[in-house]
Structure formats: C-alpha cells, structure tokens
Amino acid sequence: MAEPELLLDSNIRLWVVLPIVFITFLVGVIRHYVSILLQSDKKLTLEQVSDSQVLIRSRILRENGKYIPKQSFLMRKFYFNNQDDGFFKKSKRKVVPPSPMTDPSMLTDMMKGNVTNVLPMILIGGWINWTFSGFVTTKVPFPLTLRFKPMLQQGIELLSLDASWVSSASWYFLNVFGLRSMYSLILGQDNGADQSRIMQEQMSGAAMAMPADTNKAFKAEWEALELTDHQWALESVEEDLMGRELDFDGMFSKELPTGIF
Amino acid sequence: MASVSELYDVGWEEMRDKLRKWREDNCRNSEQIVDVGEELISDHGSKLGDDVWIIYEQVMIAALDCSRDDLAITCLQELKKQFPDSHRVKRLSGMRLEALERYDEANKYYEAILQDDPTNTAARKRKISILKAQGKTTEAVRELNEYLEQFVGDQEAWHELSELYINEHDYGKAAFCLEELMMTNPHNHLYCEQYAEVKYTQGGLENLELSRKYFAQALRLNNRNMRALFGLYMSASHIAASPKVGAKVKKDNIKYAGWAANQINRAYKLAGRGTKENKCSMKAVEEMLDSMQITMS
C-alpha cells in the first residue's frame, strides 16, 4: 500500500533537528573535558611493570626466536618453561580482585564513570523528550515494524503512522551514537565522550579484573611457548645472498653534507 | 662571532625544526646543538611556545657534553622554575652534578627520586652510569644485571651491558645481550653484524660458522655494509684454512670467500670510478685481500 508522503514543516528542520545535533555534540565535548579533570592517576607497582615486560619478552621470543641460534633459543625456552623452576612455572602473583567493596579507588572510578556518562544522557534525553514533543521529527530511511512504534514515537498518539517516522527523542539517541566519529575527528582517538566505547568497556571490564590476569597470562604464555619450535631463519642465508650481486646503488654519491643545514 | 642564522641564512623555524629532527633521531652532535640551541633560546625564546621546555632539556644535556656549565645552569634554572617538583628535572640536576664529578651528591638526588617512585628507570640508569664513570665496571655490570632482571624490555640497557661485557672480554655474555637485541629488532643489520663480530672474536669452529652466517644475514639486510662484507670474507677464509674441516665444508667456504672478495673488488672499483688513481687503488685492494688470506700454519 503506497504511503502518502508526509511533508514536514521546514521549521522543524531549523528549530529541532539542528539544535539537537548541536546540543548532543556540545554535551559530548563537555563530557570529554570533565572526564579528563576527574581522572585519577593510576600508579603502577614495580612488579606490574616488570611482569608486563617479561610477557613482552616471552612473546618476542616466540615470534622472533628464529633469528637467534638454536642453542640460545632453547636456553631461553628452558629458562621460562622448565618443569621445576622455569619462570612461568615458579612465579605466582598475589591475586587481589578489585571488587568495589575492597578497593575504594575502584568505587570512586565507577561512580565518576556513571556520573559523567549515564547521568547526562538520561537528563538530556528526558529534557529533549519534554521540550520537543508532540510532533514528528524525521523519517528513518528503512522500514520498521509496528513494534518499534511505542519506543520511537514517544509523544505521538497516532495509530496509523508509519513506524519509520520518529520523534525527537530517538533523533537524540541516533545522534549520541552517530557523532562518535566526529568526536574522534575533533578530540583525538581516546576521547571521554565516546559513549558506546565506554559502555563496552564497562561490560567487559566487569568480567575481567587486572591483577588476576597476570597469573592467567603467565599460564597462557607458558602454553604458547611450549608449542613453539625453532625454525632457524639463517639456514640458507649464504646461498640466498650469493644468488646475485650486491646492490651498491647510490653508495658512493658525490654529495657530502656540509655544516648544519 | 657570526651567529648560526647568519652563517647559514636560516630563520628560527628552521633552527627549531632541526633541533626537533636531532631529538627524534637521538643524535649526539652536542656542539652543533649548543650553537643552534643557545641562539634559538636567547633570541627567539618567546616565539617557541611550549616547545621551549623540551629544547631547554636538549640544550642542557648538550651543554654538559661541551663543558658549558653556564649554559647548563641557565637552562636548569628555567626548568626548575617551571616544573618545581618534577622527577625529570631532578634527574637533570643530578646529571649536572655528575658532569662536575660530584658523584655522591648526584647519587643522593637519584636515591630521592627512587624513594618517591620505585619504577623510575631514568634515575636507576643514571646511578649505573655513575659507577661506569668512576671506573667501577664490575659493580656497574652487577647493577645493570639487576636492573635488567626487573626491566627486561629496556633495549638501551641491553646494548650498554653488551658493551660493558665486551670491554671485560666476556664475549659469551655479550653475545647473550646482543641476541636479545636481535630478537627485538630483527631487521637491524648493525646488531647482526656486531653479534657476528663477537662470535668471530670468541673463536672456535662453531662460533666461526655462526659468525659467517650472521655476517651474511647483515649483508642480506643491508647490501652496503662493507664491514659485514669484510667479516664474511675473513670468517669464510678462516674456516677454509682450518685443518679440522671436511672437504665439502672447505670447498663451500672457499666459494664464499671468493664471492666476498669479488664483491669487495666491485665496491672499490665503483668507489674509484672517474678518478685517476683507480688502477693503483684496485691493485692495493688485491694485495690487501691476499695478505688477509689465512694460511694454514
């Protein structure tokens, strides 16, 4: 059934669509700066730094071990993985899961995260819903089922209206997620206004705690290292090298740099 | 005395960019840095904005190298005014004391930094360099080993340790350090070449074979590394001349040495092209290669 096209007042575009975009954007920028101000420094202990470097070294051994002689590789693998006193077998770190109860700084971090992100979103969403209510704002370009109507058409009591026509509140939410790329353009990659990234972090952050990771990371490295074999990259280096003449191009140019500039 | 900008006819922006390039490339051309930097700070300090602080640091370290204590003190005072509680500035004060050979006072500064922040690598490294400056090599080696146990990823430290071991003629351990560096930087031909040289110095058939392989690897990574080319020639001829090798190995190594000699000749011919003395220098190269032949004794 062909829908009669609704013609919206162009005032809507001027006074509703654009202001919502601006409001969302500015609120995002403010959120970014507030999160920077409220950030607490994280102090790393010596052990954490040392452990992270050991893990990096083990990973490099796995990846680039083929550039050192077989004997050296085996010596290092033995140091890490030996049954009784290999580093990964022997080191057990104290595991203190940072639950909000035991670690006060975690609690304040969570609170700050909530305040800067969730609260403004709710407040502004509600305000926009109240201010710009009672009319249709825009149309989403794809067809939606009727189930979306109560969600997207908050203030509009029209049973026959196509679900693609949405209210200003949904336009606000669209903006919140859509302006993410604008934020990266203007504020740089790691910005505090990035809503969805923060929500993702909150979801995954609740599942894994930092210090407990070290023991698991050690175990994972141990397994990976056990599996690695040494394939010496220099087996046939002379043959490869002597297959052709050396390239001396540009080695003896007449120009020599003089002075500083 | 003419200023740098007059001599080379450059503006302050080019001077600032040149300093930045030297910073990024980690160049240690202290006299040039002092010349350019001193003029930049005194004449154009206000135009630099926030860059001026890092330039102060760069110029100060260069001034210490050139014994310009006056310039060093000026830079240090400016930095202290701007960043009163900074560990980085404290480290610079310590470095100045080191330059004046007041090692005990410098050590006190570094201890203070470490008390406050045990993970500060710069202060620990300065303490080790004090030991090195005082000639206490064995202690420096021991401290550096302890440092590396905690911070295994510090490549500068591994390289320093390999140098210390080479000075102590402990080639086995130097080779270990260089292996760490080769693993973290597999495409750096200089580490391969240095490793090969250490192995060559250690001697023994296995080490000579390893050194030949690594010289070849260095050449593969950078075709123009003449030192590696000579090293390849030497190690191959050394193996070929050894009485303990089998016939096939001998033949292979003679082939390698011959190829290397060819390449050396080519390089010298290329270097001398267009010059009148080319024929004489080619003959000199031939004689040199012959004299480097290791004959069985």
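Residue positions are given per chain, counted from 1 along the sequence in the order it is written. Lettering of chains starts at A and numbering of ligands starts at 1, both following the order in which they are written. Thresholds applied to this predicted model are a pLDDT of at least 70 for local features of residues and 80 or more for the giving and counting of side-chain atom pairs; totals over whole chains, interfaces and linings are not thresholded and use all residues. Here the side-chain values reflect all heavy atoms present in the structure, with hydrogen atoms and water set aside.

(A) Expanded view of the interface of chain A and chain B. Here a residue-residue contact requires only that any non-hydrogen atoms of the pair lie within 4.5 Å. With 42 residues of chain A in contact, the opposing surface of chain B contributes 50 residues. Two parts lose some accessible area (1.4 Å probe) when they are put together, and adding that loss for both gives the buried area. For the pair chain A and chain B, the summed buried area comes to about 4300 Å², and 64% of that belongs to carbon and sulfur atoms. The rule for a salt bridge is simple: a side-chain nitrogen of Lys or Arg has to be within 4 Å of a carboxyl oxygen of Asp or Glu. The interface formed by chain A and chain B contains 8 salt bridges. With its nearest N and O atoms 2.5 Å apart, the salt bridge here joins Arg-57 of chain A to Glu-180 of chain B. N or O atoms within 3.5 Å of each other form a polar contact, as long as, within protein, one can give a hydrogen and the other can take it, and as long as residues adjacent in sequence are counted only when both atoms are side-chain atoms. Applying the counting rule to chain A against chain B returns 22 residue pairs in polar contact (both at pLDDT 80 or more). Under the scheme used here, helices are H or I runs from DSSP no shorter than 4 residues and strands are E runs no shorter than 2 residues, and both carry numbers assigned from the N terminus. Elements represented by at least two residues in the side of chain A that touches chain B include exactly helix H2 (46-64), helix H3 (70-81) and helix H11 (237-242) of chain A. The residue inventory of the side of chain A that touches chain B, partitioned by class, reads 22 nonpolar, 8 polar and 12 charged. Note on residue categories: nonpolar means Ala, Val, Leu, Ile, Met, Phe, Trp, Tyr, Cys or Pro, charged means Asp, Glu, Lys or Arg, and polar means any other residue, Gly included.

(B) Structural context of the side chain of Glu-57 of chain B. Relative to the helices and strands, Glu-57 of chain B resides in helix H4 (residues 51-65). When near neighbours in sequence (up to four residues on either side) are disregarded, Glu-57 of chain B contacts Leu-79, Arg-88, Arg-91 and Leu-92 of chain B.

(C) Main features of a nonpolar patch on the surface. On the surface, Leu-14, Trp-15, Leu-18, Phe-22 and Leu-26 of chain A cluster together to form a nonpolar patch covering roughly 580 Å² of accessible area. Turning to its location among the elements, Leu-26 of chain A is positioned in helix H1 (residues 10-38). Exposure above 30% relative accessible area and the lack of any salt bridge qualify a residue for a patch; like charges then connect within 9 Å, and the nonpolar side chains Val, Leu, Ile, Met, Phe, Trp and Tyr within 5 Å. Under the convention used here, a 1.4 Å probe and the Shrake-Rupley method define accessible areas, while residue burial counts only the protein chains that appear.

(D) Just helix H6 (residues 87-99) of chain B, in detail. Residue and element names in this part refer to chain B. An expected span of 1.5 Å times one less than the residue number is assigned to each helix. Along its 13 residues, H6 runs 18 Å from first to last C-alpha, staying within 8% of the 18 Å computed at 1.5 Å per residue. Partly exposed describes any residue whose relative accessible area lies between the buried limit of under 20% and the exposed limit of over 50%, with all areas from a 1.4 Å probe on protein chains only and scaled to the type maximum. Of all the residues in H6, the buried ones are His-87, Val-89, Leu-92, Ser-93, Gly-94, Met-95, Arg-96, Leu-97 and Glu-98. Looking at where H6 begins, the residue whose side-chain oxygen comes 3.1 Å from the main-chain nitrogen of Arg-88 is Ser-86. Residue Glu-101 follows H6 closely and has a positive phi angle near 65°.

Purely geometric numbers; function is a separate question.
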